[in-house]
Amino acid sequence: MASPLKVALFFSIITLSSITCCNPHPLDSLTSTEILQVRAIVNKYNPSSKYKLTFHYVGLEEPDKPVMLSWLSKPTSKTPHRRAFVIAWLNKQSHTIIVDLSKRSIISDKVYDGTGYPIRTIEEQNAAIDLALKHEPFLGSLKKRGLNASEFVCSTQSIGWFGEEKTKRKVKIPCFYLNGTVRPPFPPRLNCAPPTPAGKKGLKIDGNTLRWTNWKFHLGFDARAGAVISLASIYDPESRKYRQDPTEEWYHITYFDCGEFGLGLSTFSLEPLNDCPAEAVFIDGYYAGQDGKPVKVDNALCIFERSWGHKIREVRPEVSLVVRMVATVGNYDYFLDWEFRPRVLEVKTVPYTHTDQIKKEVYGTLIADNSIGVHHDHFFTYHLDLDIDAKTEVDARIKLGLSQAELVVVNPNKKTKLGNKVEYRLLPGSAAGPLLLPDDYPQIRAAFTNYNVWVTPYNKSEKWAGGLFVDQSRGDDTLSVWSNRNRNIENKDIVLWYTMGLHHIPCQEDFPVMPTLSGGFELRPINFFEYSPVLKTRPPFHASWPNCTARFSF
């Protein structure tokens, strides 16, 4: 009998840490060294205080837009000063601090006297959980019921705001008993993954600037936003210049995840072959811990080519470049893909074991014995800096309906040789609006979900749709409040905000592990080029892949 054929697959894993060099790009994320410098400068500035200073956010203070545009026009000129934006908690007050790294000094320190609190740190959350697990009344309750404390796991939940005049920094600690639970049956994992042929990669990385086919963009990492893509542009062979595409920043709202927990703080280290293909390039991320020291997230981002196998008469497969990150917030894993082209659910305990026993509204679906899957929504708000042109903010608000729609943003001042206006076309994804009334307290805080599309004039301080201080905020510093000023946006530098929503009505198949639920949108530049830029790109390398079989374990 012939011996079975054995195929050996060789692959390489490329990991890039944040680039440190003498002349960083003005939009490069803060390095671990710079984070340490910020810590030293801020601590030296506050040598004696009644309470210990804690760091809740340390990130790049981006240069003003005119300064950035001036540097982009002449990249060989002197790089703008590197500055850091810090949110610190000192003497029971929130401070917003701007640190000039080149001068090693603090140029601004303001006490925030508005509503809301900063992002809670990982250390704070762990301390709160530890406090709950050592709380004597809680331990006494477990002992009375004959339950083992070591079988409990706890998490943290934000408490929101429901009209209270005065608030304190608080967090809820729900705990769950694991005794008797079993690992759900997962499908078999592939024992191999198709690698990209050696030497055929089209991706080039220079510091934090990436080039792929005719695309060029800058990639950063932020403690609050996670992956940040900026200066995305496509090479125009006609003008021999790169044409600008929008900056994308991601903001997800349900438990105001970005503003209360931080997507960067919640970033999950990606695993080769499991989360990303074998030949993916991995990039580490850094954020500041509560003590100001840098915390490294290994493999925070990965970048890889994806082939869709789409063919046209030229028989050219559709290939795209994907930048991926995964954030785990509470009981949800969010896979966030930024694509460049040429899972679990909320549960509450109930006494029911069959739907016939339910005699009142429980606002959910009975998905297992004593478990209700709560009806809820997810909203994703994207901040798109388009650098293109409408008239007033109120005129530009749009609620999308059930019918398919395409939205066009036009620059009337620029036309192609054939007379067509340059524009962006937004192809929306899932259209869903909030089910809460406008005067419900959670909806007051999340009023930026009242419309699917908003347009505002560019303002550097208007960066986060839910406001800078989100925890227990009162909705007085949100996209809705800014838009109510009804400023003129005609022929202005504008920002388009797009909110994609999903109504989640759970079913039994969602428990204990929910199938993947996906959504997305497309932002397409229209009439940016005199002819299709794809005509100048090379077709991808064709290769035969080995057969990957599933490996079962019994």
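Preceding this paragraph is the structure being described.
Since the structure is predicted, the reported quantities are computational estimates derived from the model, not experimental observations.

Structural notes on empty space enclosed by the protein
Space inside the largest cavity adds up to approximately 240 Å³. Taken together, 19 residues make up the lining of the largest cavity; nearest its centre are Ser29, Leu60, Phe221, Asp222 and Val228. Of all the secondary structure elements, the ones that give two or more residues to the lining of the largest cavity are β2 (54-60), β10 (215-222), β11 (226-236) and β14 (281-288). A total of 4 residues in the lining of the largest cavity trace back to one element, the largest contributor, which is β10.

A short note on the sheet that holds strand β3 (residues 83-90)
The strands making up a sheet are joined through hydrogen bonds of the backbone, oriented either antiparallel or parallel. Across the sheet, which stays open at both edges, the 4 strands sit in the order β2-β3-β4-β5 with antiparallel pairing between neighbours. Since the sheet does not close on itself, it has two edges, and those belong to β2 and β5 (105-112), each with one partner. For this sheet the average axis-to-axis angle between neighbouring strands, irrespective of direction, equals 20 degrees. When strand β4 (residues 93-100) meets β5, the two strands line up antiparallel, connected through 7 bridges. Bridging from a neighbouring strand, Asp100 pairs with Ser105 of β5. Here helix α1 (residues 32-45) sits on the sheet in contact with β2, β3, β4 and β5, set at roughly 65 degrees to β5.

Observations regarding the pattern of salt bridges
Side-chain pairing between opposite charges can occur once the charged atoms of the two side chains come close. Here the structure, examined in full by the defined rule, presents 13 salt bridges. Among the salt bridges present, the one from Asp64 reaches Lys460, with a minimum N-O distance of 3.0 Å. Overall, Asp64 belongs to the partly exposed group, its relative accessible area being 43%. Using a relative accessible area of 31% as the deciding quantity, one classes Lys460 as partly exposed. Between Asp471 and Arg120 there is a salt bridge; the shortest N-O distance is 2.9 Å. Residue class for Asp471 comes out buried when judged on its relative accessible area of 2%. A cluster of three or more residues bridged by salt bridges with shared partners is formed by Glu61, Asp64 and Lys460.

Notes on unusual backbone geometry
The phi torsion at Leu273 lies on the positive side, around 75 degrees, for a residue other than glycine. You can see Leu273 is positioned in the loop between α5 (257-260) and β14.

Quick notes on α1
Given 3.6 residues per helical turn, the α-helix brings residues three or four places apart onto the same face. Given a rise of 1.5 Å per residue, 14 residues ought to cover 20 Å, and the 20 Å separating the end C-alpha atoms of α1 matches this to within 8%. Taken together, the buried positions of α1 are occupied by Glu34, Ile35, Val38, Ile41 and Val42. Buried positions in α1, seen along its axis, are confined to an arc of 125 degrees and lie on one side of it.

Description of the packing of aromatic side chains
Counted according to the given criterion, the structure contains 8 aromatic pairs. Consider the rings of Trp161 and Tyr441, whose centres lie 5.0 Å apart with planes at 75 degrees: the pair is edge-to-face. Here Tyr441 falls in the partly exposed class, since its relative accessible area comes to 35%. Each ring, one from Tyr451 and one from Trp454, has its centre 5.2 Å from the other, and the planes form 85 degrees; the classification is edge-to-face. An aromatic cluster of at least three residues, connected via ring pairs, comprises Phe138, Phe152 and Tyr177.

Some thoughts on the environment of Leu270
Inspection of the secondary structure assignment puts Leu270 in the loop between α5 and β14. Each C-alpha atom of the pair Leu270 and Asn299 lies 5.4 Å from the other, and the pair is 29 residues apart in sequence. Excluding residues that lie within four positions of it along the chain, Leu270 makes contacts with Asp275, Cys276, Phe282, Asp298, Asn299, Ala300, Leu301, Cys302, Arg324 and Val326.

Quick look at the environment of Ser150
With respect to the helices and strands, Ser150 occurs in the loop between α4 (136-144) and β6 (152-154). Take Ser150: its relative accessible area is 58%, and that puts it in the exposed class. With 27 residues separating them along the chain, Ser150 and Tyr177 place their C-alpha atoms 9.1 Å apart. At 2.9 Å, the side chain of Ser150 and the side chain of Asn148 are in polar contact.

Focus: the side chain of Ser29
Counting through the fold element by element, Ser29 comes out in the loop between β1 (14-16) and α1. Leave out the neighbours within four places in its chain, and Ser29 touches Glu34, Arg82, Gly220 and Phe221.

Considerations on the side chain of Asp28
In this structure, Asp28 sits in the loop between β1 and α1. Within the buried core, Asp28 has no salt-bridge partner, and the shortest N-O distance to an opposite charge, that of Arg82, equals 5.5 Å. Aside from chain neighbours lying at most four places away, what touches Asp28 is Leu60, Arg82, Asn208 and His218.

Remarks on the state of the cysteines
Under the defined criterion, the tally for this structure stands at 2 disulfides. Covalently, Cys154 is tied to Cys175 through a disulfide, its sulfur atoms 2.0 Å apart. The sign of the 105 degrees torsion about the S-S bond sets the Cys154-Cys175 disulfide as right-handed. Taken together, the residues span a long stretch of sequence, with Cys154 in strand β6 and Cys175 in strand β7 (residues 175-177) at a distance of 21 residues. Given the relative accessible area of 14%, Cys154 is considered buried. Two residues share a disulfide in this structure: Cys276 and Cys302, whose sulfurs sit 2.2 Å from each other.

Focus: helix α3 (residues 122-133)
In a regular helix each residue adds 1.5 Å, so 12 residues correspond to 16 Å; α3 covers 17 Å between its end C-alpha atoms and thus fits that length. For α3, every residue scored as buried is listed here: Gln125, Ala128, Ile129 and Ala132. The buried residues of α3 all sit within an arc of 95 degrees when viewed along its axis, so they share a single face. Where α3 is buried, its residues touch α4 and β6.

Re the sheet that holds strand β22 (residues 407-415)
The 3 strands lie next to each other as β22-β23-β26, forming an open sheet whose pairing is antiparallel. The two strands at the open ends of the sheet, each matched to only one other strand, are β22 and β26 (522-526). This sheet shows a mean twist of 15 degrees between the axes of neighbouring strands, independent of strand direction. In this sheet, strand β23 (residues 421-427) lies alongside β22 in antiparallel orientation, the contact comprising 6 bridges. In the sheet register, Asn411 faces β23, and the bridge partner there is Val422.

Reading guide: rules and limits
- All residue numbers refer to positions counted from 1 along the written sequence of the respective chain.
- Confidence filtering applies because this is a predicted model: local features only for residues at pLDDT of at least 70, side-chain atom pairs given and counted only at 80 or more, and all residues used for totals across whole chains, interfaces and linings.
- To get the side-chain values, all heavy atoms of the structure are used, and hydrogens and water are removed first.
- Using only the protein atoms, space was sampled on a 1 Å grid; points where a 1.4 Å probe fits but cannot get out form cavities, open sets with protein on both sides within 12 Å along at least five of seven lines form pockets, and lining residues are those with an atom within 4 Å of a point.
- Grid points are joined across faces, edges and corners, and a volume is the space filled by probe spheres set on the points.
- Labels follow the DSSP assignment, with helices taken as runs of H or I lasting at least four residues and strands as runs of E lasting at least two, numbered in each case from the N terminus.
- Strand pairing is assigned whenever DSSP detects at least two bridges linking the two strands.
- Fitted lines through C-alpha atoms serve as axes, helices being fitted only where they are in contact, and the angles separating the N-to-C directions of these axes extend from 0 to 180 degrees.
- Contacts are assigned to residue pairs that have any heavy atoms within 4.5 Å of one another.
- A carboxyl oxygen of Asp or Glu within 4 Å of a side-chain nitrogen of Lys or Arg is what we treat as a salt bridge.
- Residue burial is assigned from relative accessible area. The probe radius is 1.4 Å, only protein chains are included, and a residue is buried under 20% of its type maximum, exposed over 50%, and partly exposed in between.
- A helix is expected to span 1.5 Å for every residue after the first.
- This arc describes the spread of directions from the helix axis toward the C-beta atoms.
- The aromatic pairing rule takes the rings of Phe, Tyr and Trp, using the six-membered ring of Trp, and pairs them if the centres are within 6.5 Å, calling planes under 30 degrees apart stacked, those over 60 edge-to-face and the rest tilted.
- Residues adjacent in sequence count toward polar contacts only when both atoms are side-chain atoms; beyond that, a polar contact is any pair of N or O atoms within 3.5 Å, and within protein one must be able to donate a hydrogen and the other to accept it.
- Neither His nor the chain ends is counted toward charge; the positive residues are Lys and Arg and the negative residues Asp and Glu.
- In plain terms, two cysteine sulfur atoms within 2.5 Å form what is called a disulfide here.

Any functional reading would require information that these geometric values do not contain.
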